[in-house]
Amino acid sequence: MTVSAYTLFSGSSGNSLCISAGGDSILIDAGRSCTAIKNACASVGVDAGTLRAVFVTHEHHDHVSALDVMSRRLCVPVHMTYDSLSHMSDPYDRGCVVPHPIMYTERVGCMTVTSFPTHHDSAASVGYIVDIEGSGVRIGLCTDTGFIDGDMLSLLSTCTHVVLESNHDVEMLRHGPYPFYLKERILSDIGHLSNAAAADASRYMLERGVRSFTLAHLSRDNNTPETAFNTVRRALDEVGKEYSLDVAKRFEPLRVV
Ligand SMILES: [Zn+2]
Ligand SMILES: [Zn+2]
C-alpha cells in the first residue's frame, strides 16, 4: 500500500498536514487559503477535490482559515470538537461539519483517526493519531500545547512518526520583542511547546520506539529552524538509537512519511 504524509505549511501563518493511504487522503488542519491548500496538495500529488475529510485541532485562524471556502467549494466533511465549532467566527457551511467530543475515533478508508486532548488557550484543542492499517505506519500530530502530559506522551510513544510542536526557544522569547502579556501566554501551560520541552518529549519517545520526528509550528520571531533542530538533536543523540529528525517548512511541503 502506498502511504505518504506531508506537512503542507507550518507555523502561525498556517498549518496543514496531508496524509494519503490506499487511495484516500485527509488533512489535519487547513490554516491558509483554499487556493494555497489546493496548490500545496497538488504539489504532493493529491487532488484536493478528492479529500475525504479535514480534521481540525482547534479553532485558531492558523488552523481553520480555509474551511469557509473549502466547505463551500469542495464539500469535504470537517471533523471538529463541539467547543471549537461553537467558537468559529467564519460563517461557513456547517452542513459539512461533523462535530465530536474531545475523545473521538473516525475511520477513513484504511486510516483510523483518533483525537486526544492537548493544553491550549482555545475553546478546545486536540492532537491526532492516524493509524494506517496494514502498513505499520502510525502518525502522531501534537502542536499548540503548553505542555505534554503523561497520557499524551504514552499515546505519542506508540507511533512510528511524530509531528511535534517546537515553537520557541525560551531565552529568545524572554528577550525578544513580544509584549509581556504575550510572552506569559506563550510560556504558560496553555500556550505553546518550547524547544526544550519538545527535546525532552522526543527523547522519551525515542527510548520507547518512535523513530521519526518532524518539528512543527516554529515561531518566526522566537526560534530558528537550526535552534529547534539542534536542541532536539542533542537530546536524541543521548539515547544512542537511530532516528530521523526534520523541521517542517513554513510555506512549502515537507515529507514526513
Ligand atoms: Zn492555537
Ligand atoms: Zn497554531
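Residues numbered from 1 in each chain as written. Chains lettered and ligands numbered in written order. Predicted model: local features only at pLDDT ≥ 70, side-chain atom pairs only at ≥ 80, totals over all residues. Heavy atoms only, no water.

(A) Geometry of the overall build of the chain. Along the backbone of the chain there are nine helices and 14 strands. Since a compact globule built from 257 residues should have a radius of gyration of about 18 Å, the 17 Å found for the chain is in line with a globular shape. Dimensions along the principal axes, computed over C-alpha positions, put the chain at roughly 45 × 45 × 30 Å. Counted over contacts in the chain with a minimum sequence separation of 6, partners at least 24 positions apart contribute 62%. About 10400 Å² of surface is accessible on the chain, with carbon and sulfur atoms providing 51% of the total. Of the side chains in the chain, 21 bear a positive and 30 a negative charge, and the two mean positions are spaced by 4 Å. (Helix = DSSP H or I, 4+ residues; strand = E, 2+ residues; numbered from the N terminus. Rg over C-alpha atoms; globule rule 2.2 N^0.38 Å. Contact = heavy atoms within 4.5 Å. Areas by Shrake-Rupley, 256 points an atom, 1.4 Å probe, with all protein chains shown as cover. Lys, Arg positive; Asp, Glu negative; His and termini not counted. Charge placed at Lys NZ, Arg CZ, Asp CG, Glu CD.)

(B) Up close: the pattern of salt bridges. Counting across every chain of the model gives nine salt bridges. Salt-bridge contacts for Asp131 lead to Arg138; the nearest nitrogen and oxygen are separated by 3.2 Å. Asp131 sits in the partly exposed class, given a relative accessible area of 26%. Across the pair Asp200 and Arg203 runs a salt bridge, and its minimum N-O distance is 3.3 Å. Of this pair, Asp200 and Arg203 both sit in helix H8 (residues 195–207), three residues apart, roughly one helical turn. A network of salt bridges, in which partner residues are shared, links Asp200, Arg203 and Glu238. (Salt bridge = Lys/Arg side-chain N within 4 Å of Asp/Glu carboxyl O. Buried < 20%, exposed > 50% of the residue type's maximum accessible area, 1.4 Å probe, protein only.)

(C) Focus on the pairing of strand S3 (residues 24–28). Counting buried positions over the five residues of S3 gives five, a clear majority of the element. Both faces of S3 are covered, namely the face carrying Asp24, Ile26 and Ile28 and the face carrying Ser25 and Leu27. Bridge count between strand S2 (residues 16–21) and S3: five bridges; the pairing is antiparallel. Bridge pairing links Cys18 to Leu27 in S3. Count of turn residues in the S2/S3 antiparallel hairpin: two residues, of which Gly22 carries a positive phi of about 55°. Bridge analysis of S3 against strand S4 (residues 53–55) gives three bridges, and the strand direction is parallel. Across the sheet, Leu27 pairs through a bridge with Val54, a residue of S4. The β-α-β motif built from S3, the intervening helix H1 (residues 34–43) and the parallel element S4 has right-handed crossover chirality. (Pairing = 2+ DSSP bridges. Right-handed = clockwise from strand over helix to strand, strands pointing away.)

Geometric values such as these leave the question of function open.
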